[in-house]
Amino acid sequence: MDQNDMKRAVARAAIDFVPQGIIGVGTGSTANFFIDELAGIKGRFDGAVASSEATAQRLRSHGIKVFELNEVGDLDVYVDGADEITRHMHMIKGGGGALTREKIVAACSRQFVCVADQTKLVDVLGQFPLPVEVIPMARSYVARQLVKMGGQPRLREGFVTDNGNVILDVVGLNILDPVRMESDINQIVGVVTNGLFARRGADILLMGTPSGVEMLRPA
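Attention here is on the structure that accompanies the text. Note that this is a predicted model, so its numbers are computed, not measured.

Conventions and cut-offs
- Residues numbered from 1 in each chain as written.
- Predicted model: local features only at pLDDT ≥ 70, side-chain atom pairs only at ≥ 80, totals over all residues.
- Heavy atoms only, no water.
- Helix = DSSP H or I, 4+ residues; strand = E, 2+ residues; numbered from the N terminus.
- Rg over C-alpha atoms; globule rule 2.2 N^0.38 Å.
- Buried < 20%, exposed > 50% of the residue type's maximum accessible area, 1.4 Å probe, protein only.
- Contact = heavy atoms within 4.5 Å.
- Areas by Shrake-Rupley, 256 points an atom, 1.4 Å probe, with all protein chains shown as cover.
- Phe/Tyr/Trp six-rings, centres within 6.5 Å; stacked < 30°, edge-to-face > 60°.
- Lys NZ or Arg CZ within 6 Å of the ring centre and 35° of its normal.
- 1 Å grid on protein atoms, 1.4 Å probe; cavity = no way out; pocket = protein on both sides within 12 Å on 5 of 7 lines; lining within 4 Å.
- Points joined across faces, edges and corners; volume = space filled by probe spheres on them.
- Nonpolar A, V, L, I, M, F, W, Y, C, P; charged D, E, K, R; others polar.

## A word on the overall build of the protein chain
Inference 1: The helix and strand tally for the protein chain stands at 7 helices and 14 strands.
Inference 2: For the protein chain, whose C-alpha radius of gyration is 17 Å, the value lies close to the compact-globule estimate of 17 Å for 219 residues.
Inference 3: Referenced to the eigenvectors of the C-alpha coordinate spread, the extents of the protein chain come out at roughly 50 × 40 × 30 Å.
Inference 4: Out of the 219 residues in the protein chain, the part that is buried amounts to 53%.
Inference 5: A fraction of 71% describes how many contacts in the protein chain between residues 6 or more apart in sequence connect residues 24 or more apart.
Inference 6: For the protein chain, the exposed area adds up to about 10,000 Å²; of that, 47% sits on carbon and sulfur atoms.

## Focus: the packing of aromatic side chains
Inference 1: Scanning all chains against the criterion turns up 1 aromatic pair.
Inference 2: Cation over ring: Arg-156 sits above Phe-159, and NZ or CZ is 5.3 Å from the ring centre.

## Description of the side chain of Glu-182
Inference 1: Mapped onto the secondary structure, Glu-182 falls in helix 7 (residues 178-186).
Inference 2: Judged by relative accessible area, Glu-182 falls into the buried class, the value being 5%.
Inference 3: The residues touching Glu-182, leaving out its near neighbours within four places in the chain, are Lys-103, Asn-194, Leu-196, Phe-197, Ala-198 and Arg-199.

## Brief notes about the layout of surface pockets
Inference 1: Estimated volume of the largest pocket: approximately 290 Å³.
Inference 2: Taken together, 15 residues make up the lining of the largest pocket; nearest its centre are Val-49, Ala-50, Glu-68, Leu-69 and Arg-101.
Inference 3: Sorting the residues of the lining of the largest pocket by element identifies strand 2 (47-50), helix 3 (53-61), strand 3 (66-67), helix 4 (69-72) and helix 5 (99-107) as the ones contributing at least two each.
Inference 4: Among the residues forming the lining of the largest pocket, the class breakdown is 8 nonpolar, 3 polar and 4 charged.
Inference 5: By volume, the second largest pocket amounts to about 180 Å³.
Inference 6: In this structure, the second largest pocket is lined by 18 residues; those nearest its centre are Thr-27, Gly-28, Ser-29, Ala-82 and Asp-83.
Inference 7: Mapped by element, the contributors of at least two residues to the lining of the second largest pocket are helix 2 (29-38) and strand 7 (109-117).
Inference 8: By residue number, the principal contributor to the lining of the second largest pocket is helix 2, which donates 3 residues.

Written out as structure tokens, the structure reads:
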């Protein structure tokens, strides 16, 4: 079973968590497999809230109705992947650039189901560069503040978020306290949000392994 097979397996497993109403759907390669699985049961639920324009397009291509979050309020379930996740269910997300909308949809959801293959499970976050979404005029200022925190920020060249902002990918951070670091980075003026999902982490991890899907809850 290769990495894509593991992603498909967790995408299929996540179907068991789909409510009859409206579901929140994330962004990225594993989320795309989940969307493809949703196409087979689209008569069982009302539609979805998308965390990015790319996700909205993929949902619509399968004939799944896409709702604006402001139309529906709270959601029962949000299903999304992770770039890194610990056994405490703290994550780094945003490799695809949709971290702000992902964080908003996650905050409005009663349950966050993370779907990922076993390569994403880590003991300490930080090997994957931490994305930070920044208002363009504050890019240099925010970068200097991140350097003071021990990070090495790099502008994601040629990329603009769905919100019209830029992303700084930060390496070298010592993320031993992800809840505190998430808050500290968000306090920098000009930061929209960062890719640490620790204050609102996952409730369940469906992890793909060569022998099948394992379900983990916070350690």
